[in-house]
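An overview of the molecular structure
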Amino acid sequence: MSTSKNSNQRLSRRASGTVALTPSLVSRLRRVELLLCDVDGVLTDGAILIGENLEAKTFHIQDGLGLGALRKSGVRVGWISNRPSGATARRAEELKVDFLKQERRGKVAIIEELLTQVTLGWNQVCYVGDDIVDLGPLKRAGVGIAVANAVPEVMGEAHYVTRARGGSGAIREVCELILKAKNLWRDILTSYSS
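Residues numbered from 1 in each chain as written. Predicted model: local features only at pLDDT ≥ 70, side-chain atom pairs only at ≥ 80, totals over all residues. Heavy atoms only, no water.

**Observations regarding the overall build of the chain**
Formally: Under the DSSP-based scheme used, a helix requires at least four consecutive residues in state H or I and a strand at least two consecutive residues in state E, with every element numbered from the N terminus. Categorising residues by exposure relies on relative accessible area from a 1.4 Å probe, with only protein chains included: less than 20% of the type maximum marks a residue as buried, more than 50% marks it as exposed, and the intermediate range marks it as partly exposed. Using a 1.4 Å probe, the Shrake-Rupley method yields the accessible areas, and only the shown protein chains count as cover for residues.
Counting secondary structure elements, the chain contains eight helices and ten strands. Taken across its 194 residues, the chain has 49% of its residues classed as buried. For the chain, the accessible area works out to roughly 9200 Å², and carbon and sulfur atoms hold 49% of it.

Below is the structure:
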């Protein structure tokens, strides 16, 4: 599944079911030095279990491994959420995510502060989102990605739409796209085969 801001950045599906990336999109992916993503609906399926003294979310284990592989390859990882959550903070700590921003304010302002801190530009960012609160970063990022369960407005602004839904391996898919574009995927496979 794909959509794009520009028709020359579209994906094509081969008969085998594999996805062929356009040269333009591969070029954008090669520049990525920072993967930023929303949490609820992207890293999770969007469901939140709330009890009197409990909040629980479900994170996909393969997303975690993909984020670890990306960090191991030198690409930094950050999560940006407008909804502060202890469950999110705990999972980010487990995965040693480089940046966790849980603030009830505009995501563009949060990301611009972060980019100044790490001396990177928007063209070096891959941003993954699912809902209208993600439109600002999605429009500015060098690579804007929507998960398969994103709202139509977000899909319409994305360079790429994942085959997997948020919370079901979408972030793993994105991590592999970046690593393959940078010709680092084989090194990751080798490191886990030893």
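**A short note on the sheet that holds strand E3 (residues 34-37)**
Strand pairing within a sheet occurs via backbone hydrogen bonds; the two strands may be parallel or antiparallel. Test applied: Pairing between two strands is assigned when DSSP locates at least 2 bridges connecting them. Residues count as neighbours in contact if any of their non-hydrogen atoms are within 4.5 Å of one another. To get an axis, a line is fitted to the C-alpha atoms, and for a helix only the part in contact is used. The angle between two axes follows their N-to-C directions and goes from 0 to 180 degrees.
With respect to topology, six strands assemble into an open sheet ordered E7-E6-E3-E8-E9-E10, the strand pairing being parallel. Edge positions in the sheet fall to strand E7 (99-102) and strand E10 (160-161), since each has one partner strand and no second. Examined bridge by bridge, strand E8 (residues 125-129) and strand E9 (residues 143-146) share four bridges and lie parallel to one another. Across the sheet, residue Cys126 finds its bridge partner in E9, namely Val143. Sheet strands in contact with helix H2 (residues 61-72) are E3 and strand E6 (76-81), and its direction is about 130° off that of E6.

**Topic: helix H3 (residues 86-95)**
Heads up, the rule is: In this context, the arc is that of the directions from the helix axis out to the C-beta atoms. Under the rule applied, a polar contact is a pair of N or O atoms within 3.5 Å (in protein, one hydrogen donor and one hydrogen acceptor; residues adjacent in sequence only if both atoms are side-chain atoms).
Listed as buried for H3 are Ala87, Thr88, Arg91, Ala92 and Leu95. All buried residues of H3 lie within an arc of 130° about the axis, which places them on one face of the element. Turned more than 90 degrees away from the buried face of H3 sit Gly86, Arg90 and Glu93, all of them exposed. Where H3 is buried, its residues contact strand E5 (54-56), H2, E6 and E7. The backbone nitrogen of Ala87 lies 3.2 Å from a side-chain oxygen of the residue at the head of H3, namely Ser85. At the exit of H3 stands Lys96, carrying a positive phi of roughly 55°.

**Focus on the nonpolar core**
Formally: Residues belong to a common nonpolar core when they are buried Ala, Val, Leu, Ile, Met, Phe, Trp, Tyr or Cys residues joined through side-chain atoms within 4.5 Å.
Among the nonpolar cores identified, the biggest contains 59 residues, and Leu35, Leu67, Trp79, Cys126 and Val128 are the most heavily contacted of them. At eight residues, helix H7 (residues 170-181) tops the list of elements feeding residues into this core. With residues up to four places along the chain from it excluded, the contact list for Val128 reads Leu35, Leu36, Cys37, Asp38, Val42, Ile145, Val147, Ile171 and Val174.

**Side note on the state of the cysteines**
What we call a disulfide is simply a covalent bond connecting the sulfur atoms of a pair of cysteines. The criterion, for reference: Here, a disulfide means two cysteine sulfur atoms that sit within 2.5 Å of each other.
Taken as a whole and assessed by the stated rule, the structure comprises zero disulfides. The thiol sulfur of Cys37 is not disulfide-bonded, and the nearest other cysteine sulfur, from Cys175, lies at 8.2 Å.

**Examining the packing of aromatic side chains**
Filter applied, for reference: Whether two aromatic rings pair depends on their centres lying within 6.5 Å, for rings of Phe, Tyr and Trp, where Trp uses its six-membered ring; planes under 30 degrees apart make the pair stacked, over 60 edge-to-face, and the rest tilted.
Under the definition given, this model contains one aromatic pair. Taken together, a centroid distance of 6.1 Å and an interplanar angle of 10° make the contact between Phe59 and Trp79 stacked. Separated by 20 residues along the polypeptide, Phe59 in the loop between E5 and H2 and Trp79 in strand E6 bring together distant segments of the chain. Assigned by exposure class, Phe59 and Trp79 land together as buried.

**Examining the pairing of E9**
Short version of the rule: Looking down the strands as they point away from the viewer, one classifies a crossover as right-handed if the path from the first strand across the helix to the second runs clockwise.
Taking every second residue as pointing to the same face, both faces of E9 are buried, with Val143 and Ile145 on one and Gly144 and Ala146 on the other. After leaving E8, the chain enters helix H5 (residues 135-140) and then returns to the sheet as E9, a path that is right-handed. Note: E9 against E10, two bridges, orientation parallel. The residue bridging Ala146 from the neighbouring strand is Val161, located in E10. Handedness of the crossover joining E9 and E10 through helix H6 (residues 152-157): right-handed.

**Observations regarding the confidence of the model for the chain**
Where we set the bar: Every residue is assigned a pLDDT by the predictor, reflecting its confidence on a scale from 0 to 100.
Within the chain, residue pLDDT values average 90, and 90% of them lie at 70 or more. Across residues 1-18 the pLDDT falls below 50, and counting only partners more than four positions away or on other chains, this stretch makes 45 contacts in the model.

**Describing the side chain of Thr162**
When you line up the elements, Thr162 lands in the loop between E10 and H7. A relative accessible area of 0% means that Thr162 is categorised as buried. Polar side-chain contacts of Thr162 include one of 2.6 Å to the backbone oxygen of Ala164. Excluding residues that lie within four positions of it along the chain, Thr162 makes contacts with Ile145, Ala146, Val147, Ala148, Ala170, Glu173 and Val174.

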